[in-house]
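Coordinates in review
The residues making up each chain are set out below.
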Amino acid sequence: LVTSGQLDWTIRLEGNDGVSYRLTTPLELNTNGGFSYRLKVPHEALVAGLAGTDLSPTAIPQGNQETRYSRSEVRVNGDLAKILPPASTAFNVSSDRRATAYRVDLEIAVPMPDSDGTGLPDWWQQKFFGRLGTDPNADPDGDGWSNLREYQAGTDPTQANTTPVIAWDLDSVDEGTTELLTLRAVDSDTTPDQLIYTLTREPQGAEIRQLFGATRPGLDGKRGDRPLHAGDTFTQAQVDEGRVVIVQEDPTAEQVVLDLSLSDGNHTHVPFQTNFIATIHTPTPTDGSDAALWLDARAEAAQSATGSLPRWTDRSGPKPFLDGTTAAFDATAEGSPLSIVNRGPLGQPVVGFNLDNTASTQSLSLPPPDRASVFPSGDVTVFAVFRPAAATTSRQQLVNGANFQVALAGPTDRGRVNQVRFAAEGLGVVYGNHRIQDQWTLLTAQRDQDELHLEVNDGWVGGPRPINEATVLGSAPMVGSKKTQGGISEPFHGQVAELLVFNRSLTGVERQRINAALLSKWFGWVVIDGSDEERDVIRRVPSSGLSSQEYQTHFIPQYGPDRHYILIGGGGRDVLRGGESDDIIVGGRQADVISGAGDGIALFSITRIFMPTPISSPTLIRRVTTT
């Protein structure tokens, strides 16, 4: 808990460039030691007859209508802080919300002082030995682990670690994803292959699988994954090799519960038994406090009994309407109802638009401007998982409104047929650098003040400087077409799996987490996310360390190709090793060792990757990024 220094917080009115408020408060221990800051947000009532300019320039106006503000930047003693879930990065303001209090927990990554240069932080030495100058190679508890090893493992150097204990590094799971099960056995005198975990009860809210762990080959002659049930076992060595994953597929689950025991094979040691609970993290809160729109085909399919879709539910939760009511921005079918079809990247349910080339255009309308401000002016971030049909003779709209549109270009768009076209009011247009046609794609489009950015499958394809090109924007927010005074036009032909729209510019960390979650949820990538971990970690995958020849002659004949992985480093000096398939490796905040393998393309960048060549699917390129 940081209890000294200063908190600097910038709050910005969404949809109105330039209107921001910088607030500061000292850090101090308060409320019986539970909190280190209390930030008061100055506000004044906006009553009838007054304009916002009549109020103090340092106070947020509170009127009868709700407005949204984003917590755009938070710094603790000058260091950028991360807002931790379940807190949102945005909040609503109105006269009815006066005196509302929010708890917002923050996390900062700062170097830990090591005055004597031993590799042991000062705080750790003081906590366990009451002084500095501790020998990092000493073993005061005689368990075979040096002080440095104890620090790296997060254990007490004064208590022997010869009886096994389970350490759990995963406190949340992203909804719909496949993630490495980051269990850690604390046992100093037993090898990883002798440390045996047992599922003592059927997992709840998710499934545990052993990658390539099937006891016999399938019809294709390859050993696939093995679902683990109550009574099944796996070893710490299999965990360390990246072979044990947690698969979360149920959109109705709120948490994951695992009951486990751990044995070291020593009959004099009672197996360690414990119960772990991990929350399920969604890409946006479902209380209306962040994203403007969240359409999820898999969740919608779980609620649909017919496969016909007259309305697509907005999962982001209730938001203010102009008449003072609150409701989600559900999308209503224009023309004939849409259909739910099992044609996703891995056969998942998705929503089809104009697949049968009928005369009636299938699209979705959102609440019109006279009812709600769905997509106001200003910054915006869009995530879309979609698959367009064959080449079309006109521009195709994915999502748009009066201030922006994300579409696929048509023949009249500078010869860029089927390239992504991102237009924003007052700025211009940015095009993607390759065609997207009849293939599943993850698209990210972001307006950040006067810049427009485009990414496909988590790689750069366009921006940031827009070109000066006129665009006829829509008169109302739509999904799958554009609505103007002349009616509905530019329909989308294809399928949509998921659509997220935020009325703000997300940070790089936020985009990275959502992109990773969507690649895993829809394309089957395995996520190994250590961004919240401060200790040094080593992460590897099943084909790490194999030569190309070993992979081709031994691994593939037995298991088939390895999965695609997203490895993300944290606050320690991490070792991240990809495999023989195309992976994404993102270095953390310290001096990490990162490596790929195989014959794929490897790109290294110090800060941010910019793709010099087009990519057309999530499996074409290996990207390695370090910070």
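How each quantity is defined
- Residues numbered from 1 in each chain as written.
- Predicted model: local features only at pLDDT ≥ 70, side-chain atom pairs only at ≥ 80, totals over all residues.
- Heavy atoms only, no water.
- Helix = DSSP H or I, 4+ residues; strand = E, 2+ residues; numbered from the N terminus.
- Rg over C-alpha atoms; globule rule 2.2 N^0.38 Å.
- Contact = heavy atoms within 4.5 Å.
- Areas by Shrake-Rupley, 256 points an atom, 1.4 Å probe, with all protein chains shown as cover.
- Lys, Arg positive; Asp, Glu negative; His and termini not counted.
- Charge placed at Lys NZ, Arg CZ, Asp CG, Glu CD.
- Pairing = 2+ DSSP bridges.
- Axes fitted to C-alpha atoms, helices over the stretch in contact; angles between N-to-C directions.
- Buried < 20%, exposed > 50% of the residue type's maximum accessible area, 1.4 Å probe, protein only.
- Core = buried A, V, L, I, M, F, W, Y, C linked by side-chain atoms within 4.5 Å.
- pLDDT = per-residue confidence, 0-100.
- Phe/Tyr/Trp six-rings, centres within 6.5 Å; stacked < 30°, edge-to-face > 60°.
- Lys NZ or Arg CZ within 6 Å of the ring centre and 35° of its normal.
- Expected span 1.5 Å × (residues − 1).
- Salt bridge = Lys/Arg side-chain N within 4 Å of Asp/Glu carboxyl O.

1. Concerning the overall build of the protein
A count of helical and extended segments in the protein gives six helices and 48 strands. Here the protein has a C-alpha radius of gyration of 26 Å; the compact-globule value for 627 residues is 25 Å, and the two agree. On the principal axes, the C-alpha backbone points of the protein span a range of 80 × 65 × 45 Å. Considering only residue pairs separated by 6 or more positions, the protein has 61% of its internal contacts joining residues 24 or more positions apart. Carbon and sulfur atoms provide 50% of the accessible area of the protein, an area that totals close to 27,300 Å². Charge-centre separation for the protein: the mean point of 52 positive side chains lies 5 Å from the mean point of 77 negative side chains.

2. Comments concerning the sheet that holds strand β18 (residues 255–263)
Here five strands make up an open sheet; going across it, the order is β10-β19-β18-β13-β16 and the pairing mixed. Each having just a single partner strand, β10 (172–174) and β16 (233–235) make up the two edges of the open sheet. The sheet shows a mean angle of 35° between the axes of neighbouring strands, direction not considered. Relative to strand β19 (residues 272–281), β18 runs antiparallel, the two sharing eight bridges. Of the residues in β19, the one forming a bridge with L260 is T274.

3. Examining the sheet that holds strand β22 (residues 311–312)
With antiparallel pairing, the eight strands of this open sheet are ordered in space as β22-β25-β28-β37-β30-β31-β32-β33. Strand pairing shows two members of the sheet lacking a second neighbour, β22 and β33 (428–431), which therefore form its edges. Examined bridge by bridge, strand β25 (residues 331–334) and strand β28 (residues 363–365) share three bridges and lie antiparallel to one another. Its bridge partner being in β28, E334 is matched across the sheet by S363.

4. Examining the environment of R38
With respect to the secondary-structure elements, R38 resides in the loop between β2 (20–26) and β3 (43–45). By relative accessible area, R38 is classed as exposed at 63%. Every residue in contact with R38, bar those within four places of it in the chain, is listed here: T25 and N30.

5. As for the environment of H43
Considering the arrangement of structural elements, one finds H43 in strand β3. Discounting residues that sit within four places of it in the chain, H43 has contacts with A59, I60, Q62 and R98.

6. What to know about the nonpolar core
Counting 68 residues, the largest nonpolar core has W312 and V406 as the members making the most contacts within it. Listed in part, the 25 residues of the second largest apolar core include V173, A185, L228 and V239.

7. Digging into the confidence of the model for the protein
Should pLDDT be low for a region, the predicted coordinates there are not to be read in detail. Residues of the protein with pLDDT of at least 70 account for 91%, and the chain-wide mean is 86. Of all helices and strands in the protein, the one with the weakest mean pLDDT is strand β48 (residues 622–625) (36), whereas strand β20 (residues 293–296) scores best (98). In this model, residues 600–627 is a region of pLDDT below 50 whose contacts with residues beyond four sequence positions or in other chains number 81 contacts.

8. Regarding the packing of aromatic side chains
Counted under the stated rule, the structure contains 17 aromatic pairs. Each ring, one from F353 and one from F492, has its centre 5.9 Å from the other, and the planes form 70°; the classification is edge-to-face. Of this pair, F353 sits in strand β27 (residues 350–353) while F492 sits in the loop between β39 (487–489) and β40 (494–502), placing them 139 residues apart in sequence. Assessed through its relative accessible area of 0%, F353 is described here as buried. Each residue in the set Y21, Y69, F91 and Y102 is aromatic and connected to the rest through ring pairs, giving one cluster. When the ring centre of F329 is taken as reference, the NZ or CZ atom of K319 above it lies at 4.8 Å.

9. Details of the environment of L442
Inspection of the secondary structure puts L442 in strand β34 (residues 441–448). Separated by 13 residues in sequence, L442 and E455 place their C-alpha atoms 8.2 Å apart. Setting aside chain neighbours within four positions, we find L442 in contact with A384, V385, E455, V456, N457, N515, L518, L519 and F523.

10. Some thoughts on helix α5 (residues 508–523)
The end-to-end C-alpha distance of α5 is 21 Å, a good match for the 22 Å that 16 residues give at a rise of 1.5 Å each. For α5, a buried count of 13 out of 16 residues is recorded, marking the element as mostly surrounded by other parts of the structure. Looking one or two places after α5, you find G524, whose phi comes out positive at around 85°.

11. Some points on the pattern of salt bridges
Working definition: two side chains of opposite charge can pair if their charged atoms are close together. A complete count under the given rule lists 28 salt bridges for this structure. Between E249 and R209 there is a salt bridge whose closest N-O contact spans 3.8 Å. Here E249 is found in the loop between β17 (244–247) and β18, whereas its partner R209 is found in strand β14 (residues 207–210), with 40 residues between them in sequence. With a relative accessible area of 45%, E249 lands in the partly exposed category. It is possible to trace a salt-bridge network through shared partners that takes in E175, D296, R315, E498 and K521.

12. Concerning unusual backbone geometry
The omega torsion of the bond from G463 to P464 falls at 10°, within 30 degrees of zero and hence cis. Non-glycine residue N77 carries a positive phi angle of around 55°. Structurally, the position occupied by N77 is in the loop between β5 (67–76) and β6 (79–83). Despite not being glycine, N418 shows a phi value in the positive range, around 70°. Note on placement: N418 falls in the loop between β31 (404–408) and β32 (420–424). Assessed through its relative accessible area of 0%, N418 is described here as buried.

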